Amino acid sequence: MGEIRIQNVWKYFGKAKVPALKDVTLTIQDREFMVLLGPSGCGKTTLLRCIAGLEYPERGRIFIGGRDVTDEPPRKRTIAMVFQSYAVFPHLTVFENIAFGLRMQKRPNEEVKQRVIKAADLMRIGAYLERYPAQLSGGQRQRVAVARGLVMEPQVLLMDEPLSNLDALLRLQARAELKRLLQEVQTTTVYVTHDQIEALSMGDRIAVMENGAIIQADIPSQVYEHPSSHFVGGFIGTPPMNFMRGTISRTNGTAALAVGNQFIHAALPANAPAGQELLMGIRAENIEASLQPVPDAIPGQVLVVEPLGSHLLLTVEVGETPLKVQTRVDFAVQPNQTVYLRLDPKQLRWFDPETGLRYEPEPSPL
Amino acid sequence: MSAKTGTINPPRSTVDVPPLNTAANKPTLAKTLGRLGLYVAAIAISMFFLCPIYLITISAFSPQKEIFAYPKALIPQSLTAETVLFFWNATGVQASLVNSVIVGTLTVIFALLVGAPAGYSLARFIFRGRDSYKLLILTTRAFPIVILSIPLAVNYISWNMYDTLWGVAFAHTAMALPTTILVTASIFIGVPRELEEAAQTLGCNRALAFIKVAMPLALPGLAAAAIFTFALSWNETFAATILTQRNRTLPALILSQIADVGAPLPYRFAAGFFLIAPSLLFIFIMRRYLFGMWGQVVK
Amino acid sequence: MATPQVTGDALASNMLAPPAANRSFARSRERALPFLLLVPSALFLVIFFAVPMVQALILSIHSPDGAWTLQYFERMVRDVNFTDAVRNTFLIILVAIPLQFLFAIVMGLLLQNKLRGSSLFLYFWAIPLAVSDLAAGLVWLAIFGDRGFVNSFLRTTGIAPIAFSWLSYENYGTLLMAVVIAEVWRATAIVMVIVVAGLQLIPPDYMEAAEVFGASRWQRIWHVQLPLIRPSLQVALILRTILAFQVFAVVIALAGRAMPVLASEAYNRYGELNPNGAAAYAFLILTISLITTIVYLIVLRTSEEEMGQ
């Protein structure tokens, strides 16, 4: 069983006042593909290294397969790890690189050979077994690193940005291949990345980290559609979620969000009291732009028009706030033109402007 | 044929290839002369460094009477091992050569045994006091090591280590240690930490990960560091002279013969040759590590 | 396979008091490892470096009968050779070191020109790195000796038929010149290596940028390369000066006792079974070295901002 349980883990580095990990609690289920996502310095790699046993958490416990491994060195954790730099041993052939862990376990030669060849074939590097890493391309080295981990049949496979050193085209290809492979081997995987597209496309679940804490751990669609905070919405998605800050006004029975001197009539969170300041979030694809005024639409001025092949991306200024708006390619618009934006009421998300967290109003006293 | 304009160029049977741009590549006279000047300078400097080695070599291989002959020819009239053999068979030379090799080897062993762990620690770990220790080691270079020898000689007499090869080796280790620590640190920095971590996740403990991964990769650098240390010990004269009486190393013996006894010229020239010959080899082996060994500069 | 977790669980637990700190034997050993690895070197440097340094000081101001005294320093200053030794040491340094730096910079810049065979040039120029000062002295003795190659050459070519005593006490100027040439020959290599290491650290962009903005070859050297290797030059200067105060065997090999220097006086005192007198000289060398280092550091200070760090 490859379940990973992380309980209230704290990690400090040196004399730094801010902890690298701040009370992280997370359970990764057996066979789950969990992505740790966040900007650099958010603690995602530190968390991965704590699971690997390469860093030691000052507080909290880590369980792998139900066993408390907090005090165990990496070699006793039944894990395998793929490093960002691949860490393929330059003085060993591809074969010996993949065989390294098995050799440490003193497996019989015949078994080593069999398993290495199987892993190498799985990663399609069977033809390079006698080569040295210096003779391989970056993509091939990355495969060696993955094969070296898989051959151990670990309970848990840890990957630290394994695709970040590949060039863009190769990365796309490797991403799909890695996903297929990991579905095949069904090993519990923890995958660190700062690339939100990688996270969305590969993970069973995504744990978004910020400043050493997990702020949302959920399936990709939830993280994308229902970000738990301003930060998550702004970090995930291309373009990131749009935000507008306003105040709730209730006059004559109609509720609206007052942004500057504009009123956005939209489905406000129920029970939000008048005068409450809120941060409204909406994604570019949930805004409909038209050249003629339509009911409930807010006017804005087009700043930039970016044709992106499959669609146009507009930057529209509403009041003082620039909004990203996605339209069809044939939407004929020029900069400085006025467009009318209709926000999909079902896709509005609300955040507390002070904490940035999702706004959850007091339950209505029914 | 280019498609720069974006219009589709129909295939043509004759392709207009613009002529090769030769003007830019063609060296002007001034450039050629300048380049030539650089070579002349480089060769002149090389002569300055090589000529003395050539001259001491032909002196060492000239017959003794030719050494005293005057004027001498720049190209030797006859080559003979007579002078070298005269030196070789002089009292104490063979024993001191053996001593030099023993002291050098001991120094290499001590310096690496004591210095490499420290270098590894400075390279791999971030810990409180790391920078201070590094600075401390750097400042030891600001102390003239000559002055170590005199109190050490006094100590050695009371420790019964005076006139022993161990004593000289310890003194040489103390002189080499700061450099050994900094050089091994830079060697271990060159071995990515992730490699050792990968070995740890694959079933090695720390020590085994070091032996299986860091050691083989650091080996060429460590070998160069060893030769560096050996060269330092081989060449060290002052401490070796002060700390020994009968168990001289080669430079100590030669120096005392010159300073105290006034050894004859053939002895001196052959001695000079004996001291220099290994340096050609040392530098040849280390040439790729020169900057790591001697170029160490404070960050 | 995966079910949505309560997204707020990490946030909620923030409110709780942190769990107790982890402790385990294996982990504290791990934490001690970097220090344990330093212990042997620290011990060694204390026994064979720090303690002798202090002892040198004590030896120089403490007589064998147990009294604190300045007699060794007084005797040192009154010694017939003292003034000569100080003057000679400083003269050698003042003449040799600027020449070494001039040569080293020229050599370093030459190597930057990607000459054919530059690795061979580098090898030739670096050989003296592994040559002892004693050997260097003996080599130049073969050249400047009375029956040496210089005199032979002058005679053969008919320039000067009568042999000239380059290394004699009476010809102080040529003796000094011979010592300086030997020092330049022996010790330029280390400066060159430091200069080359410094030059290699300069990103090629800087030189290309300077070229694009119209700097000539000389302007690039003067305004880009030299300022950027200033820290390297400073280190090399300190290192070279400290080593030069200890110059000893090269002088003995070339001049015998005709040219006393500080380190050779220390050697002679010791040879006269006067370790206290030797320690006084040693201590003088230490003091001068430290003062020079401090003066260099103050005079040549490069501010961190200036180096763009």
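*Asks:* Can you help me understand the domain arrangement of chain A in this one?
*Replies:* How big an interface is tends to be stated in terms of accessible area lost as the parts join. Residues and elements named next belong to chain A. When its domains are assigned, chain A resolves into domain 1 (4-235), domain 2 (242-283 + 354-366) and domain 3 (300-340). Taking the mean C-alpha position of each, domain 1 and domain 2 sit 41 Å from one another. The interface is formed by eight residues belonging to domain 1 together with six residues belonging to domain 2. Interface of domain 1 and domain 2: buried area, both sides summed, is about 670 Å²; carbon and sulfur atoms make up 53% of it. Counting the surface domain 1 buries against domain 2, the share from its top three residues, Y224, S228 and H230, is 64%. Taken together, the links from domain 1 to domain 2 amount to four residue pairs in polar contact (both at pLDDT 80 or more). In terms of residue count, the dominant contributor to the side of domain 1 that touches domain 2 is helix α8 (residues 230-235) (three residues). Split into classes, the residues belonging to the side of domain 1 that touches domain 2 amount to two nonpolar, six polar and no charged.

*Asks:* Would you mind showing me how to read the confidence of the model for chain B here?
*Replies:* All names here are of chain B. Confidence in the prediction of chain B, expressed as mean pLDDT, is 85, and 90% of residues score 70 or more. Of all the helices and strands in chain B, helix α13 (residues 290-293) carries the lowest mean pLDDT, 72, while helix α4 (residues 93-124) carries the highest, 95. Low pLDDT, under 50, characterises residues 1-7; the stretch is placed with three contacts to residues that sit more than four places away or in other chains.

*Asks:* Whenever I open this one, the packing of helix α6 (residues 149-159) of chain B against helix α2 (residues 25-61) of chain C confuses me. Can you help?
*Replies:* The description of two helices packed together rests on the angle between their axes and the distance between the axes. As a packed pair, α6(B) and α2(C) sit with axes 8 Å apart at the nearest point and diverge in direction by 105°. Put simply, α6(B) runs roughly perpendicular to α2(C). The residues of α2(C) that touch α6(B), namely those facing B:I150, B:P151, B:L152, B:V154, B:N155, B:Y156 and B:W159, are C:I47, C:F48, C:P52, C:Q55, C:A56 and C:L59. By residue class, the composition of the contact of α6(B) with α2(C) is eleven nonpolar, two polar and no charged.

*Asks:* Whenever I open this one, the interface of chain B and chain C confuses me. Can you help?
*Replies:* Each side of the interface is counted separately: chain B has 89 residues, and chain C has 90 residues. Remark: the boundary between chain B and chain C carries zero salt bridges. There are 15 residue pairs in polar contact (both at pLDDT 80 or more) connecting chain B and chain C. For the side of chain B that touches chain C, the residue count by class is 69 nonpolar, 13 polar and seven charged.

*Asks:* What exactly am I supposed to notice about a nonpolar patch on the surface here?
*Replies:* Residues and elements named next belong to chain C. On the surface, a nonpolar cluster with roughly 510 Å² of combined accessible area is contributed by F90, L94, V95, L99, L102 and V106. Here L94 lies in helix α4 (residues 82-111). On the accessibility criterion, L94 (61% relative accessible area) is exposed.

*Asks:* Looking at this model, I keep getting lost on the side chain of C:T292. Mind explaining?
*Replies:* Its place among the elements puts C:T292 in helix α14 (residues 275-299). Leave out the neighbours within four places in its chain, and C:T292 touches C:T241 and C:F245.

*Asks:* Any chance you could explain the sheet that holds strand β12 (residues 254-259) of chain A here in plain terms?
*Replies:* Sheet strands associate in pairs through backbone hydrogen bonding, adopting either a parallel or an antiparallel arrangement. Residues and elements named next belong to chain A. Strand order in the open sheet formed by five strands is β13-β12-β11-β14-β20, with antiparallel pairing between adjacent strands. With one partner strand each, in any of the chains shown, β13 (262-264) and β20 (349-351) form the two edges of the open sheet. Recorded for the sheet is a direction-independent mean angle of 45° between the axes of neighbouring strands. In terms of strand pairing, strand β11 (residues 242-251) meets strand β14 (residues 277-282) through six bridges, oriented antiparallel. The partner of R245 across the bridge, within β14, is L279.

Here is what the cut-offs are and how they apply
- Residues numbered from 1 in each chain as written.
- Chains lettered and ligands numbered in written order.
- Predicted model: local features only at pLDDT ≥ 70, side-chain atom pairs only at ≥ 80, totals over all residues.
- Heavy atoms only, no water.
- Domains from an automatic or database assignment.
- Contact = heavy atoms within 4.5 Å.
- Buried area = accessible area lost by both parts, 1.4 Å probe.
- Polar contact = N/O pair within 3.5 Å; in protein donor to acceptor, adjacent residues only side chain to side chain.
- Helix = DSSP H or I, 4+ residues; strand = E, 2+ residues; numbered from the N terminus.
- Nonpolar A, V, L, I, M, F, W, Y, C, P; charged D, E, K, R; others polar.
- pLDDT = per-residue confidence, 0-100.
- Axes fitted to C-alpha atoms, helices over the stretch in contact; angles between N-to-C directions.
- Parallel < 35°, antiparallel > 145°, perpendicular 65-115°, else oblique.
- Salt bridge = Lys/Arg side-chain N within 4 Å of Asp/Glu carboxyl O.
- Patch = residues over 30% accessible without salt bridge, like charges linked within 9 Å, V, L, I, M, F, W, Y side chains within 5 Å.
- Areas by Shrake-Rupley, 256 points an atom, 1.4 Å probe, with all protein chains shown as cover.
- Buried < 20%, exposed > 50% of the residue type's maximum accessible area, 1.4 Å probe, protein only.
- Pairing = 2+ DSSP bridges.

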